[in-house]
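# Understanding the architecture of this molecule
Chain by chain, the residues run as shown.
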Amino acid sequence: QVQVVESGGGLVRPGGALRLSCAASGRIFGINTMGWYRQAPGKQRELVARITSTGSTNYADSVKDRFAISRDNAKNTASLQMNSLKPEDTAVYYCNADVQAWPGGVFGNYWGQGTQVTVSS
């Protein structure tokens, strides 16, 4: 079994910054892609940023040059540094991980429970 847990959300003023953290634990041999997604009220969940095990990244156009994703493969963790936050960044942010439980095994996709980010003055 694999658990994915996010932390670091909260209330911040426009222009401020927050850092989200994600930790995967349990039966893990390796993790391929880790990603951050968000879902605002009344909207579909959308990709924010993702990073492969080799460090390749991609970002939603709306967060490019403001957000930065990173990961520590040894610790099975990922982080999202969010700068210059805007009210439209308000959403529940979810961490996602593609996990291989044993060598040669298939990858399973796991989600965290989400963490609220609110950008408001």
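Refer to the structure above for everything that follows.
Remember, it's a predicted structure, so these values are computed and weren't measured experimentally. (Residues numbered from 1 in each chain as written. Predicted model: local features only at pLDDT ≥ 70, side-chain atom pairs only at ≥ 80, totals over all residues. Heavy atoms only, no water.)

## Side note on the environment of Arg-27
Looking at the element boundaries, Arg-27 is found in the loop between strand S3 (18-26) and strand S4 (30-39). Separated by 75 residues in the primary sequence, Arg-27 and Trp-102 place their C-alpha atoms 7.8 Å from one another. If we ignore the near neighbours within four places in the chain, the residues touching Arg-27 are Gln-1, Val-2, Val-99, Ala-101 and Trp-102. (Helix = DSSP H or I, 4+ residues; strand = E, 2+ residues; numbered from the N terminus. Contact = heavy atoms within 4.5 Å.)

## Quick notes on the packing of aromatic side chains
Applying the stated criterion across every chain yields a total of 2 aromatic pairs. On the numbers, 5.0 Å between centres and 65° between planes, the contact of Tyr-37 with Trp-111 is edge-to-face. One end of the pair, Tyr-37, is in strand S4; the other, Trp-111, is in strand S10 (residues 107-111), and 74 residues separate them in sequence. For Tyr-37, a relative accessible area of 17% puts it in the buried group. Measuring from ring centre to ring centre gives 6.5 Å for Tyr-94 and Trp-111, while their planes differ by 85°; the resulting arrangement is edge-to-face. (Phe/Tyr/Trp six-rings, centres within 6.5 Å; stacked < 30°, edge-to-face > 60°. Buried < 20%, exposed > 50% of the residue type's maximum accessible area, 1.4 Å probe, protein only.)

## Some details on the pairing of S10
In terms of strand pairing, strand S9 (residues 91-100) meets S10 through 5 bridges, oriented antiparallel. Bridging from a neighbouring strand, Ala-97 pairs with Tyr-110 of S10. Hairpin connection of S9 to S10: 6 residues between the antiparallel strands, including Gly-104 at a positive phi of 80°. (Pairing = 2+ DSSP bridges.)

## Quick word on the side chain of Arg-38
With respect to the helices, strands and loops of the structure, Arg-38 is situated in strand S4. Of the polar contacts made by the side chain of Arg-38, one reaches the side chain of Ser-62; its length is 3.3 Å. Once residues within four sequence positions are removed from consideration, Arg-38 is found in contact with Gln-44, Arg-45, Glu-46, Val-48, Ser-62, Val-63, Phe-67, Glu-88, Asp-89, Ala-91, Val-92 and Tyr-93. (Polar contact = N/O pair within 3.5 Å; in protein donor to acceptor, adjacent residues only side chain to side chain.)

## Let's talk about the pattern of salt bridges
Per the stated rule, a full pass over the model turns up 4 salt bridges. Residues Glu-46 and Arg-38 are paired through a salt bridge, measuring 2.7 Å at the closest nitrogen-oxygen approach. The class for Glu-46 is partly exposed, based on a relative accessible area of 35%. Linking Asp-61 and Lys-64 is a salt bridge whose minimum nitrogen-to-oxygen distance equals 3.2 Å. Looking at Lys-64, the relative accessible area reads 43%, which means it is partly exposed. Each of Arg-38, Glu-46, Arg-66 and Asp-89 takes part in salt bridges that share partners, so that together they form one network. (Salt bridge = Lys/Arg side-chain N within 4 Å of Asp/Glu carboxyl O.)

## Looking at the nonpolar core
By size, the foremost hydrophobic cluster in this structure holds 29 residues, and its most contacted members are Met-34, Trp-36, Val-48, Phe-67, Leu-80, Met-82 and Tyr-93. For this core, the secondary-structure elements that each account for two or more residues are strand S1 (2-7), S3, S4, strand S5 (46-51), strand S7 (67-72), strand S8 (77-82), S9 and strand S11 (115-119). With 5 residues, S9 is the single largest residue contributor to this core. (Core = buried A, V, L, I, M, F, W, Y, C linked by side-chain atoms within 4.5 Å.)

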